[in-house]
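The primary structure of each chain is shown beneath.
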Amino acid sequence: MDRSTLPAVAEELLREIKKAFQETSQVPDDLLLGLKFIFGPSAVPALDLVDQRSVTWVRAPSGRTLYQVLGSSGKLYTCYSSCHFCTCPAFGFSVLQKSESLLCKHILAVYLSQAMGACQELAVSEEQLTNILLAEEEDEG
């Protein structure tokens, strides 16, 4: 997991969550408080997305991967954990334009799903992966 754009304290918190979850299948209260402190209003909605198993890891034979997160509105967002990017409007506004948040709830849900082993997996062809990427460009354009 490459999170080169996250502060060290956030990376450490996600590592602690992964360790705790592997040992007890739960996230202790102190780590939940840490999540709220570091990630603010994204924390609880991100946990809800994880609980609903809304995160899918999409991979192609070439090794290219991305994540798709079914948002609470029912819209599917594409997230790239490698470059810390999401296609949702909140990411563009709160993270990129205003720098109010480290990340949106969708990317946080990706990181939490990775830590908690809660990702769905979907193997696709190169053509299907390309179509997912092109569909995102059309949505943005």
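Residues numbered from 1 in each chain as written. Predicted model: local features only at pLDDT ≥ 70, side-chain atom pairs only at ≥ 80, totals over all residues. Heavy atoms only, no water.

Caption draft 1: Summary view of unusual backbone geometry. Of note, the phi angle at Ser-25 is positive, near 60°, even though the residue is not glycine. Along the chain, the position of Ser-25 falls in the loop between helix H1 (8–24) and helix H2 (29–39). Backbone geometry at Ser-99 places phi at a positive 55°, although glycine is not the residue there. Given a relative accessible area of 57%, Ser-99 falls into the exposed group. (Helix = DSSP H or I, 4+ residues; strand = E, 2+ residues; numbered from the N terminus. Buried < 20%, exposed > 50% of the residue type's maximum accessible area, 1.4 Å probe, protein only.)

Caption draft 2: Inspection of helix H5 (residues 105–116) at higher detail. With 12 residues, H5 extends 16 Å between its outermost C-alpha atoms, agreeing within 8% with the 16 Å of an ideal straight helix rising 1.5 Å per residue. Within H5, 11 of the 12 residues are buried, which leaves it mostly tucked inside the rest of the structure. Burial in H5 covers these residues: His-106, Ile-107, Leu-108, Ala-109, Val-110, Tyr-111, Leu-112, Ser-113, Gln-114, Ala-115 and Met-116. Two residues or fewer past H5, Gly-117 is found with a positive phi of approximately 60°. (Expected span 1.5 Å × (residues − 1).)

Caption draft 3: Quick peek at the environment of Pro-7. Mapped onto the elements, Pro-7 comes out in the segment before H1. By relative accessible area, Pro-7 is classed as partly exposed at 33%. Here the alpha-carbon distance between Pro-7 and Tyr-77, two residues 70 residues apart in the chain, equals 24 Å.

Caption draft 4: Here's a closer look at the packing of helix H3 (residues 43–51) against H5. Two numbers describe how H3 lies on H5: the axes approach to 8 Å, and their chain directions differ by 55°. With respect to H5, the axis of H3 lies oblique. Relative to H5, the crossing made by H3 is right-handed. In contact with Ala-43, Pro-45, Ala-46, Leu-47, Leu-49 and Val-50 of H3, H5 contributes Lys-105, His-106, Leu-108, Ala-109, Leu-112, Ser-113 and Met-116. In the contact of H3 with H5, the residues fall into 10 nonpolar, 2 polar and 1 charged. (Axes fitted to C-alpha atoms, helices over the stretch in contact; angles between N-to-C directions. Parallel < 35°, antiparallel > 145°, perpendicular 65-115°, else oblique. Left-handed = near helix turned anticlockwise from the far one by under 90°. Contact = heavy atoms within 4.5 Å. Nonpolar A, V, L, I, M, F, W, Y, C, P; charged D, E, K, R; others polar.)

Caption draft 5: Representation of the UniProt feature "domain: SWIM-type" (unreviewed entry) in the chain in the model. Taking the UniProt record as the reference, the feature "domain: SWIM-type" (unreviewed entry) is found at residues 77–115. The span residues 77–115 carries 51% helix and 15% strand; its end-to-end C-alpha distance comes to 20 Å. (UniProt positions renumbered as here; feature names shortened; annotations may be inferred.)

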